[in-house]
Amino acid sequence: MKKTTGLDRTVTRNWRPATQALRGGTWRSEHGETSESLYLTSGYTYDDAATVAARFAGEQPGMTYSRLQNPTVAMLEERIALMEGAEACRTQATGMAAMTAALLCQLSAGDHIVAAKAAFGSCRWLVDSLLPRFGIEGTVIDATDNAAWEAAIRPNTKVFFYETPANPTLEIVDMAFVSALAKAHGIVTVVDNAFCSPVIQRPLDFGADVVAYSATKFMDGQGRVMAGAVCGTAEFINDKLLPFQRNTGPNLAPFNAWVVLKGLETMDLRLRQQSANALEVGRFLETRVPKIMHPGLESHPQFALAQKQMTMPGAIFSIILDGGRAQAWALLDALQLIDISNNIGDTRSLMCHPATTTHHNVGPEGRAAMGVGDGMLRLNVGLEDPADLIEDLDQALTAAGL
Ligand SMILES: *Cc1c(COP(=O)(O)O)cnc(C)c1O
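As the structure is a prediction and not an experimental result, all values here were calculated from the model. (Residues numbered from 1 in each chain as written. Predicted model: local features only at pLDDT ≥ 70, side-chain atom pairs only at ≥ 80, totals over all residues. Heavy atoms only, no water.)

Peer 1: Teacher, can you tell me more about the sheet that holds strand β10 (residues 339-340) here?
Peer 2: Remark on secondary structure: sheet strands pair via backbone hydrogen bonds, oriented parallel or antiparallel. Pairing is mixed across the open sheet formed by 5 strands, whose spatial order is β8-β9-β12-β11-β10. Of all strands in the sheet, those with a lone pairing partner are β8 (291-293) and β10, marking the two edges. With 3 bridges connecting them, strand β11 (residues 350-352) and strand β12 (residues 376-380) associate as antiparallel partners. Following the sheet pairing, Cys352 is matched in β12 by Arg378. (Pairing = 2+ DSSP bridges. Helix = DSSP H or I, 4+ residues; strand = E, 2+ residues; numbered from the N terminus.)

Here it is as structure tokens:
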């Protein structure tokens, strides 16, 4: 029998991800509400002193303080873990809080990390600027080059860290190869899966150990709240992440967790349609721009690998214009429907110039090394009718001289 109320609720764990997106982790109060409850409380009360003592001693399940547990947040964490195929998940206030927690909870002075050169600007800042301040050295490599991963390993290498596809170059990392290499050397692989979500790609299925998210992106999916998540084994989450998170407090607020729960209900549907729209728009742009990096187009240098790892190409891709910043800005400024925005994962189509926004802080040399040129534009394709998006791009390309 299905039981969704009380601390002893039974949860079915073998549904497919699209079902888990609606049902996973459901934890109803005694009122039997259909939609998840929003528990805006920082503290909890107890019927007697023995109960609170038992909870603090870990002898009885239940809440004690919302930095440690919150029912709305717990529902989201269980739902994400079920969709991801992970034993456990914990959520954070933002994607960057998730990345920081996933790395700092397991690294110590004297350790070494190997990370992908092509990455979200703040993820590069963690590796290049934050970790070295605490005696953790990093080596950044061309993550599409399998031999480069192997060559970068040192006796003290503890973590491999990468995104696939990478933001905003759309380069793909061979997850099965890199995970197997890591395992052979006792290295923990952390994958930032923001561009995909578990609907498109589940890194644990390819041998990764930890998956970290900006849930701000496709999980909320509608540009409303910031959120992050880290998934892994129960051992990693309980022994490494939880002591760090409970004592440093980068937690996700219950209201934001509730919004993301609502977002997950439609994530599968949204991503299928956005991915189909992005393919249609990409096929049009391919006929008009000198270069496009789209995991769903055969012109992508790693098309076969993308097909192997991703169930669909996703909603995000980049185009590269020959006319540098002036032409990229001319195209952006001519848009009438698509918004200029550095966000991604929204149901609205958004375009941005990474060199002057998300990757501004990486600096000109860093950008050149990771292949983010001044002529690059990144597009997040939303749920609008693709014919309208193509019409808008058509007139903007013409205005930019293409
Ligand atoms: C957006 C993003 C992040 C950071 O997430 P926030 O929720 O903005 O903190 C990290 N990695 C990638 C790949 C992203 O796209």
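Peer 1: How should I be thinking about the site of the ligand in this particular structure?
Peer 2: Looking at the ligand, there are 15 residues lining it, with Gly95, Asp192, Ser214, Thr216 and Lys217 nearest. Gly95 places a polar main-chain atom, nitrogen or oxygen, 2.8 Å from an oxygen atom of the ligand. Thr216 is positioned with one of its side-chain polar atoms (N or O) 2.6 Å from an oxygen atom of the ligand. When isolated, the ligand has an accessible area of 380 Å², and the protein chains bury 93% of it. Along the lines of polarity and charge, the residues of the shell around the ligand split into 7 nonpolar, 5 polar and 3 charged. (Near = heavy atom within 4 Å. Polar contact = N/O pair within 3.5 Å; in protein donor to acceptor, adjacent residues only side chain to side chain. Areas by Shrake-Rupley, 256 points an atom, 1.4 Å probe, with all protein chains shown as cover. Nonpolar A, V, L, I, M, F, W, Y, C, P; charged D, E, K, R; others polar.)

Peer 1: Would you mind showing me how to read unusual backbone geometry here?
Peer 2: The phi angle of most residues is negative, glycine excepted, and most peptide bonds adopt the trans form. Here the amide bond leading from Thr164 into Pro165 is cis, since omega sits at -10°, within 30 degrees of zero. The omega angle of the peptide bond from Asn167 to Pro168 is 5°, so this bond is cis rather than trans. Residue placement: Pro168 occurs in the loop between β4 (157-163) and α7 (175-184). Phi is positive for Leu170, which is not a glycine, with a value near 65°. Positionally, Leu170 belongs in the loop between β4 and α7. Leu170 sits in the buried class, given a relative accessible area of 0%. Positioned with a positive phi, Ser197 is a non-glycine residue whose angle comes to about 70°. Here Ser197 is to be found in helix α8 (residues 197-200). Judged by relative accessible area, Ser197 falls into the buried class, the value being 2%. (Buried < 20%, exposed > 50% of the residue type's maximum accessible area, 1.4 Å probe, protein only.)

Peer 1: Can you walk me through the sheet that holds strand β3 (residues 137-141) in this structure?
Peer 2: One open sheet holds the 7 strands; their spatial order is β1-β7-β6-β5-β4-β2-β3, and the pairing between them is mixed. Unpaired on one side and paired on the other, β1 (88-92) and β3 mark the two borders of the sheet. Averaged over all adjacent pairs, the angle separating strand axes in this sheet is 20°, with direction ignored. With 5 bridges connecting them, strand β2 (residues 112-116) and β3 associate as parallel partners. Across the sheet, Val114 pairs through a bridge with Thr139, a residue of β3. Taken strand by strand, helix α4 (residues 95-104) contacts β1, β2, β4, β5 (188-192), β6 (210-214) and β7 (228-232), and its axis lies near 155° from that of β6. Relative to the sheet, helix α9 (residues 234-248) contacts β1, β6 and β7, its axis offset from that of β1 by approximately 25°. (Axes fitted to C-alpha atoms, helices over the stretch in contact; angles between N-to-C directions. Contact = heavy atoms within 4.5 Å.)

Peer 1: Where do I start with the packing of aromatic side chains in this structure?
Peer 2: The geometry of two aromatic rings is summed up by the distance between their centres and the angle between their planes. The final tally for this structure, using the stated rule, is 3 aromatic pairs. Plain terms: the ring middles of Trp149 and Phe160 are 4.8 Å apart, the flat faces sit at 50° to each other, and that makes the pair tilted. Residue Trp149 is found in helix α6 (residues 146-152), and its partner Phe160 is found in strand β4; the two are separated by 11 residues along the sequence. Of the two residues, Trp149 and Phe160, neither departs from the other in class, the shared state being buried. For the cation-ring pair, Lys217 lies above Phe120, with the distance from its terminal atom to the ring centre recorded as 5.2 Å. (Phe/Tyr/Trp six-rings, centres within 6.5 Å; stacked < 30°, edge-to-face > 60°. Lys NZ or Arg CZ within 6 Å of the ring centre and 35° of its normal.)

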